[in-house]
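Chain residues, written in single-letter form:
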Amino acid sequence: GKAPDPGPQALLCGVTEGTRHATARVRAESCSAVLTVLDSAHFRTLGGDDQVIEEVVAPALLECLEDSTPTVVEAAEIAITSLRALHAQALATALEMVSPK
């Protein structure tokens, strides 16, 4: 039979893993893929959980902003801009968590 749908959380975590990949192209594509998942009707319908964004997605994207490859930084910037529009509170929380007190 068909494997059960892992659900948007699991999918998002899986895609986020890619942002730490050894290959820059994969990191850049993963930043874009995160957006695709967040923006999918599927995720929104299930009331995409802000916690996964705070704890997994946003920190990973913020990390990509420090990437040595410009295309990765660019993809991360685009993703974070959209995150700010879609999930402002989750992003703000994540920023608080990563910024030194």
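Up top you'll find the structure we're talking about.
Residues numbered from 1 in each chain as written. Predicted model: local features only at pLDDT ≥ 70, side-chain atom pairs only at ≥ 80, totals over all residues. Heavy atoms only, no water.

Q: Would you mind showing me how to read helix H2 (residues 24–39) here?
A: Note: α-helices contain 3.6 residues per turn, so residues at a spacing of three or four share the same orientation. With 16 residues, H2 should cover 22 Å at 1.5 Å per step; its first-to-last C-alpha distance of 23 Å lies within 8% of that length. Taken as a whole, H2 has its buried residues at Ala24, Arg27, Ala28, Ser30, Cys31, Val34, Leu35, Val37 and Leu38. (Helix = DSSP H or I, 4+ residues; strand = E, 2+ residues; numbered from the N terminus. Expected span 1.5 Å × (residues − 1). Buried < 20%, exposed > 50% of the residue type's maximum accessible area, 1.4 Å probe, protein only.)

Q: Just to check I follow, could you spell out the state of the cysteines for this structure?
A: Should the sulfur atoms of two cysteines be covalently bonded, the bond is a disulfide. Counted according to the given criterion, the structure contains zero disulfides. No disulfide involves cysteine 31; its nearest neighbouring cysteine sulfur is the one of cysteine 64, lying 3.8 Å away. (Disulfide = S-S within 2.5 Å.)

Q: What exactly am I supposed to notice about the pattern of salt bridges here?
A: Pairs may arise between side chains of opposite charge once their charged atoms sit close together. By the definition in use, this model includes three salt bridges. Of the charged contacts in the structure, one is a salt bridge between arginine 20 and glutamate 63, with a shortest N-O distance of 3.4 Å. One end of the pair, arginine 20, is in the loop between helix H1 (7–17) and H2; the other, glutamate 63, is in helix H4 (residues 50–64), and 43 residues separate them in sequence. Of the residues examined, arginine 20 reaches a relative accessible area of 45% and is grouped as partly exposed. With its nearest N and O atoms 2.7 Å apart, the salt bridge here joins aspartate 67 to arginine 27. Of the two residues, aspartate 67 sits in the loop between H4 and helix H5 (70–86) while arginine 27 sits in helix H2, which places them 40 residues apart along the sequence. For the residue pair aspartate 67 and arginine 27, the accessibility class agrees, reading buried in each case. (Salt bridge = Lys/Arg side-chain N within 4 Å of Asp/Glu carboxyl O.)

What is shown is where atoms sit, not what they do.
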